[in-house]
Amino acid sequence: MAASTTPSDPAEPRRQPPGAPAPAPPKPTWDPGEPSRPYPWLRPTIRIRLTLLYGGMFLIAGMVLLTLIYLLAAQALHEGSKLPFRILNANAQLTSDSCPGLTGTLPSEQFMQRLGECTDAQRAVALDELLQRSLMALLGLAVAAFAFGYVMAGRVLSPLGRITRTARQVASSDLHKRIELEGPDDELKELSDTFDDMLDRLDRAFTAQQRFVANASHELRTPLAINRTLLEVQLSDPEASPELQQLGKTLLATNERSEQLVEGLLLLARSENEIVDRKPVDLSEVAAHAVEQVRAEAEDKGVELRGVRHPVYVQGNGVLLERVALNLVQNAVRYNQQEGGWVSVATEALPGHGMLLVENTGPAVPAYEIDNLFEPFRRLRSDRTGSDKGVGLGLSIVRSVARAHGGTVTAERREEGGLALRVVLPV
């Protein structure tokens, strides 16, 4: 009798055999970004809100004042409506058609009654005209109040705009900027001084960190160079045994990897600072040099190098920009498919910017793992460097150099596999 099989529980994780690589984490189905706002017009700016507050308060105060004036005028007209005289045997001649019942000779009682009705009608007309003109004046003053409130709100919020502009400059890797707001010691001045103090602390912390990395890298260069020299001398000995030769080659490769790591850390520390001394640099020339340096490695791997590079000049440091292009092209060649792979290196002029575009074929990259590629010592599905292809600082250096030049670097996954990396720099 055949044994019956039971379907496995889909919620139960599959067991991996010993020694098998860990599976890739599942792609999240939620967007960790900023929550969407279905009705953005319901969230006006603070300047609009202050304008509405100023104008609304003026409008409410005007309506209250108009109501009081109207009530007082109505009361005054009502109290003065009783005539302090009496007309006997009146013979009235009208000068207008506002009171048509007062024509001819009338008895005194009837004349006084019609005269009171005419006075009440004239009082109502006067109150209506007063109300209409007051409302029109209030409407005009309300429009002027809203316009004046908008201007005054802009003047009040101008220090906040200065703080925002300084914060944006600081966000672009310029920690030396300060607000230095002048004026009375009010809340905005206190906020500005607090922000300047915070920037001072951040500037000192980043400077100390960069100085430490640079000093440590410099200090590590000397022993690594000595180790490389000793290993090369030992490997040049013809009497060395094969085991010693193999050990020397292994140690020399490890030492070379450590030197690359130190050089990468030193370059990363230097590239975090804003580039002050800038010169015109042709991106097409920089990209061409990078392609020539990687051509031999690409031919060994069977990767085709192609792309159209138009001349485009940007303001920056030529050595750092060449390192950016070299890192991108090296990564595109090394992380490519085994057969029939290609790498496209192109440059293009954009309005006010220059762009370096590097595309390659290769394995499919999950969209949620692209941002991790720009972190130091991070690779696809690997937190630490475990490959002999590099030290895990290539894209981190690219992002730091791009930020130091006031530019950006973005990566997009290709549906066919591989990545498309764009470096956009100001001209």
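Every chain begins its residue count from 1, and numbering advances along the sequence as written. Where totals are concerned, whole chains, interfaces and linings use all residues; where local detail is concerned, this predicted model gives features only for residues with pLDDT of at least 70, and gives and counts side-chain atom pairs only at 80 or more. The basis for every side-chain value is the complete set of heavy atoms in the structure, and neither hydrogens nor water enter the calculation.

1. So, the overall build of the protein
Next, step 1: Helix and strand definitions here come from DSSP, where helices need a minimum of 4 consecutive H or I residues and strands a minimum of 2 consecutive E residues; each element is numbered from the N-terminal end. The secondary structure content of the protein amounts to seven helices and nine strands.
Next, step 2: Note on classification: 1.4 Å probe, protein chains only; a residue is buried when its accessible area is under 20% of the maximum for its type, exposed when over 50%, partly exposed between these limits. Buried positions account for 31% of the 427 residues belonging to the protein.
Next, step 3: In this description, accessible areas are obtained by the Shrake-Rupley approach with a 1.4 Å probe, and a residue is regarded as covered only by the protein chains that are shown. If you sum the accessible surface of the protein, you get close to 28300 Å²; carbon and sulfur atoms cover 58% of it.

2. Concerning the confidence of the model for the protein
Next, step 1: Looking at the protein as a whole, the pLDDT averages 76, with 74% of positions reaching at least 70.
Next, step 2: Note on residues 1–36: pLDDT is under 50 here. Beyond four places in sequence and across chains, it has nine contacts.
Next, step 3: Predicted confidence is poor over residues 382–388, with pLDDT under 50, and the contacts of this stretch with residues over four places away or in other chains come to 12 contacts. On a range of 0 to 100, pLDDT expresses the predictor's confidence in each residue. Contact definition: two residues touch when any of their heavy atoms are within 4.5 Å.

3. Some remarks on the packing of helix H6 (residues 318–334) against helix H7 (residues 394–404)
When two helices pack together, their arrangement is captured by the angle between the axes and the distance separating the axes.
Next, step 1: A fitted line through C-alpha atoms represents every axis, and for helices the fit uses only the stretch in contact; the resulting angles, taken between N-to-C directions, go from 0 to 180 degrees. Contact pair H6 / H7: the axes reach a minimum separation of 9 Å and the direction vectors enclose 145 degrees. When the axes of H6 and H7 are compared, the crossing they make is left-handed. For the pair H6 and H7, contact is made by Leu320, Leu321, Arg323, Val324, Asn327, Leu328 and Asn331 and by Gly394, Leu395, Ile397, Val398 and Val401, respectively.
Next, step 2: Class assignment of the residues belonging to the contact of H6 with H7 gives a composition of eight nonpolar, three polar and one charged. By convention the crossing between two helices is left-handed if the near helix lies anticlockwise of the far one by an angle smaller than a right angle, and right-handed if it lies clockwise. Residue polarity is assigned by list, with Asp, Glu, Lys and Arg as charged and Ala, Val, Leu, Ile, Met, Phe, Trp, Tyr, Cys and Pro as nonpolar; anything else, Gly included, falls into the polar class.

4. A few points about H6
Next, step 1: Relative to the 24 Å expected for 17 residues at 1.5 Å per residue, H6 spans 24 Å between its end C-alpha atoms, a close match to the ideal helical length.
Next, step 2: Every buried residue belonging to H6 is among Leu320, Leu321, Val324, Ala325, Leu326, Asn327, Leu328, Val329, Ala332 and Val333, and all of these are buried.
Next, step 3: Definition of a polar contact: a pair of N or O atoms within 3.5 Å, with one able to donate and the other able to accept a hydrogen when the atoms are protein atoms, and with sequence-neighbouring residues admitted only if both atoms are side-chain atoms. Between a side-chain oxygen at the N-terminus of H6 and the backbone nitrogen of Leu320 the separation is 3.1 Å; the capping residue is Asn317. Between the first and last residue of a helix there are one fewer steps than residues, each counted as 1.5 Å, and that sum is the expected span.

5. Overview of a negative patch on the surface
Next, step 1: A surface patch of negative charge is lined by Asp185, Asp186, Glu187 and Glu190.
Next, step 2: With respect to the secondary-structure elements, Glu190 resides in helix H3 (residues 187–235). The residues that make up patches have over 30% relative accessible area and no salt bridge, and they are joined within 9 Å when like-charged or within 5 Å when they are Val, Leu, Ile, Met, Phe, Trp or Tyr. Just to be clear on terms, a salt bridge is a Lys or Arg side-chain nitrogen sitting within 4 Å of an Asp or Glu carboxyl oxygen. When charges are counted, Lys and Arg are positive and Asp and Glu negative, with His and the chain ends excluded. The atoms used to mark charge sites are NZ of Lys, CZ of Arg, CG of Asp and CD of Glu.

6. Things to note about the pairing of strand S7 (residues 353–360)
Next, step 1: The element S7 is extensively covered by neighbouring structure, given that six of its eight residues are classed as buried.
Next, step 2: Strand pairing follows a simple DSSP-based rule, namely that at least 2 bridges must link the two strands. Pairing between strand S6 (residues 342–350) and S7: eight bridges, direction antiparallel. Among the inter-strand pairings, Ala349 is bridged to a residue of S7, identified as Gly354.
Next, step 3: Connecting S6 to the antiparallel partner S7 that follows it, the hairpin turn spans two residues, and Gly352 within it adopts a positive phi of roughly 80 degrees.
Next, step 4: Sheet analysis places S7 next to strand S9 (residues 419–426), joined by seven bridges and oriented antiparallel. Along S9, the bridge assignment pairs Val358 with Leu421.

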